[in-house]
Each structure stands twice: as C-alpha cells, then as structure tokens.
Amino acid sequence: HRLLLENAEQLVLVCGRREPYLQRDGAASLDVLRAASLVVGLDGCIKAVGQADVIRNQFSEATFERIIDCSGKCVLPGLVDAHTHPVWAGDRVHEFAMKLAGASYMEIHQAGGGIHFTVEHTQKATEDELFTSFQHRLERMLRAGSTLVECKSGYGLNFETELKMLRVIERAKRSVDIGISSTYCGAHAVPKGKTATEATDDIINNHLPKLKELKLSGEIRVNNIDVFCEKGVFDLESTRRILQAGKNIGLQINFHGDELHPMKSAELGAELGARAISHLEEVTDEGIVAMARAKCAAVLLPTTAYMLRLKQPQARKMLEEGVIVALGSDFNPNAYCFSMPMVMHLACVNMKMSMNEALAAATINAAYALGKSDTHGSLEVGKQGDLLIINSSRWEHLIYQFGGHETLINYVIVKGKVVYENERCETMSNY
C-alpha cells in the first residue's frame, strides 16, 4: 500500500454514504470519526477508513511506502476550488487603487482596463511564460490545501490566444500534482472591434468546431464551457446559443451569471441542464427555485463580492431552498486570492454559512459542480486519496484561523502521495 495515516484526532469524511453532494440538512451531519486511520492503495485510491485499532488489525501484515502518525491532528478531504482564472499575464495592481477610490468594475472595464488590460498582456505572452506563472500559482493553491482546481481560459478572446491558454492548462494537467478541470471561456468579454453577436458567431462557427477536433485527436481535453452572461457583455440570447453549442460537443455547462445585473441566467442554466452557475449576486427568487429543481450547483465567490464591494450572494436563501452550494476562490487579476480556507472563512462571516456548510461547499459540492463528486470531495473507500493533514486537534481551525493556513496545513496529499510537507508545523506546537 502507498500510505497509512494513523490515529488522527479527527478524521472528517464530509459524507460517508456516497452522497454526490450535501444540502443544508446534510451538512449539519458532517461525518467526523475520532481516533481514526486511513489507508491509500498504490492505485492512489482510498482502501479503508475507520477506527484506528480496527485498521491496525486489518492491515497488520501489510506494508506501506509511508506511514504518518496523525496523533493530535486532523485529516480532511483535499479542498476543491470550483472557479479560477489562473492563466494570464499583466496583473492589475494599479486598478486596485482605482477601485478603492470608488471606480466600479464596469467603469474600469469601459476605460480599457479590467479584462481588456489582461487580454492585451496575455496575447503578447509566450506559452512558456504563461506556463511558468501558472505553475507557481497552482503551487500556491496546493500549499493552501486545494487538490482539485477548475481552470478557465478567457484572456485571449481570439482563438489563437484562447488555444494558447488551453494548451498551457493541458500541459499542467499532465505535469503538475494538482487535479485540474479545464474550462473554455472564450466568451469572457466581447473583443475590441466586435459586437456581441459577431463574437458569438465566431465562437460557434470557428472556436468550438476547432476545439471539437482537438478533443477528438486527444490534444486538448476541455471539460466545461463558460460565458460571462452580463449586461454590456453577452446577453441572454447569445449566452444560450454559445452554451448550447458547447453542450452539443460534449462540454459541461458551467458559466458566470447574474453577477452585476439580474439577467435570468439562473433560469437559463436550469433550462439548459447546466452543471453549475457562478456568482449569482443578483439572482432572482425564481432563479433560485429553478436551480434547486434542476440540481444545478451555485458556485459562490465571496472574494469577488468582498473586493468589488458588491451585494453578497444569498447563500442562506439558496441553502434553505435546497440549492447545492459550492465555493470558489475566483482567483484572477481582479480577485487575487489562492486560499480556499480564506474563502470558507469569508463565506461563513459575510454569507452567513455555517462551518459545516462551508466545508461541504469547498469539498463534495465543489467536486459536484465540476462533475467529479464520484471520485473527489470526500474521504470514502474507492475515491481518490486526496487529503490534508492539519496541525490541530479540531478541524474547524482551518476556517477559524483567517489566513492561518501557512502554519496550519501540515501535509497535502494527492493520490496517496505527499506533494507538500510543511516543516513549520513540526516546530510549532498544536493549536
């Protein structure tokens, strides 16, 4: 066997009964075992989870590549970040001052800043430059506990640059420890010199057929399709056409909706069978009900509402209506945050989620939003052995300590292999 984690103070399964997601009631009964152990096999999958003494007897004859004593520590599933934009050149640190002085997102966008500024720099960057910075960002996400991350293109807008971004993501899928779900987001903004309708036609007639060919030849395997459905960007009809065309070539629908204006994106997503919709700060009550019915996940992004001083997404209302609520960092030049523990903290404080709900949203539900909850997001036999060990006797420290993950996360493990070991934890006593 590859790995034995012994005698954890708390082992947080998240869900122990093969649920594909947890809703509000489910999250109240997050499964936590005490004095428990876990075994990962050579295939990278979890072979056993249970009481330490039972596992000790069961595996008394077995050999392990590595044994970690987790006494006084907690074991949790690896975190899943359901929404990021991590491939780009051209940070927007200069715009942060403008925002603080009161400029709105759309004002900066219309003045040639925002997405357009990053697009210009990303178009000029080489594939190797983009890959190097992307690799560093993934490394920082991994150290903050993320073991599966959704990664979007979308700072190319022309096909050549979108393809360059998707190639960079594909290269990382093959060479980096972290799990990646890739998203084609060519409809992230309307390119300069085009109308939204022209951009929509270009995506449907040129981008998507080429992506389909690349998928068939195995060169690039994109998982999801995304559109920024927003007033002044892509309207509801353009969004519908692009998403449907993406679905027709086998991509999961996972898009930006109802962020700055109520657009009826949630209703559209439910109707098209979307797997997930992100943002939803301005979602209507009808949209919430439609998403609950369609089992369409809401990917909430507390960093965005915080940085742009927007209205917070209505997490409580969604949870009460039975929507599957997931979380993402929305890492991008406008919301520079790598840390899902900080995202969970913000979700609890600003969106009034409970810690159990936030953990479920950053594990099993985020995996569901990416169509991966059968293999990721909880510690169950048969699932991939992606986990965290934290240097604390209560798992809640991961959320309670705001920005404290750097000395709290002791190990990050992917497929039973230790991919990050934090020496600082060994010198610090348990909190």
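These numbers come from a predicted model, not from an experiment.

1. Observations concerning the pattern of salt bridges
This structure, assessed with the given rule, holds 26 salt bridges. We note a salt bridge from arginine 18 to glutamate 380, for which the minimum N-O separation is 4.0 Å. One end of the pair, arginine 18, is in the loop between strand E1 (3-14) and helix H1 (24-28); the other, glutamate 380, is in the loop between helix H16 (364-369) and strand E14 (387-390), with 362 residues separating them in the sequence. Judged by relative accessible area, glutamate 380 falls into the buried class, the value being 5%. With a closest N to O distance of 3.8 Å, glutamate 139 and arginine 143 form a salt bridge. You can see glutamate 139 and its partner arginine 143 sitting in helix H6 (residues 127-143), four residues apart, about one turn around the helix. Judged by relative accessible area, glutamate 139 falls into the partly exposed class, the value being 34%. Where salt bridges share partners, they join Arg17, Glu19 and Asp31 into one cluster.

2. What to know about the sheet that holds strand E12 (residues 297-300)
With respect to topology, eight strands assemble into an open sheet ordered E6-E7-E8-E9-E10-E11-E12-E13, the strand pairing being parallel. What marks the edges here is a single partner per strand, and that holds for strand E6 (79-81) and strand E13 (325-327). Each adjacent strand pair in this sheet contributes to an overall mean axis angle of 25°, direction not counted. Bridging between strand E11 (residues 276-279) and E12 involves three bridges; their strand directions are parallel. When the sheet's bridge partners are listed, isoleucine 277 is paired in E12 with alanine 298. Contacts from helix H8 (residues 196-216) reach strand E8 (179-187) and strand E9 (224-227) within the one sheet, and its direction differs from that of E8 by about 155°. Contacts from helix H10 (residues 265-272) reach strand E10 (252-257) and E11 within the one sheet, and its direction differs from that of E10 by about 175°.

3. Side note on the domain arrangement of the protein
We note that the domain assignment places domain 1 (3-78 + 379-421) and domain 2 (86-370) within the protein. Between the C-alpha centres of domain 1 and domain 2 there is a distance of 29 Å. Surface buried jointly by domain 1 and domain 2 totals about 2,800 Å² across both partners, of which 70% is contributed by carbon and sulfur atoms. Of all residues in domain 1, the largest losses of buried area upon contact with domain 2 belong to Tyr21, Arg24 and Ile399, amounting jointly to 25% of the total for that side. Across the domain 1-domain 2 interface, the total number found is one salt bridge. Ionic pairing is found between lysine 417 and aspartate 177, a salt bridge with its closest N-O pair at 3.3 Å. Summed over the shared surface of domain 1 and domain 2, the number is five residue pairs in polar contact (both at pLDDT 80 or more). Elements represented by at least two residues in the side of domain 1 that touches domain 2 include exactly E1, H1, strand E5 (74-77), helix H17 (397-400), strand E15 (409-414) and strand E16 (417-421). It is E15 that contributes the most residues to the side of domain 1 that touches domain 2, four residues altogether.

Cut-off values and rules
Residues numbered from 1 in each chain as written. Predicted model: local features only at pLDDT ≥ 70, side-chain atom pairs only at ≥ 80, totals over all residues. Heavy atoms only, no water. Salt bridge = Lys/Arg side-chain N within 4 Å of Asp/Glu carboxyl O. Helix = DSSP H or I, 4+ residues; strand = E, 2+ residues; numbered from the N terminus. Buried < 20%, exposed > 50% of the residue type's maximum accessible area, 1.4 Å probe, protein only. Pairing = 2+ DSSP bridges. Axes fitted to C-alpha atoms, helices over the stretch in contact; angles between N-to-C directions. Contact = heavy atoms within 4.5 Å. Domains from an automatic or database assignment. Buried area = accessible area lost by both parts, 1.4 Å probe. Polar contact = N/O pair within 3.5 Å; in protein donor to acceptor, adjacent residues only side chain to side chain.

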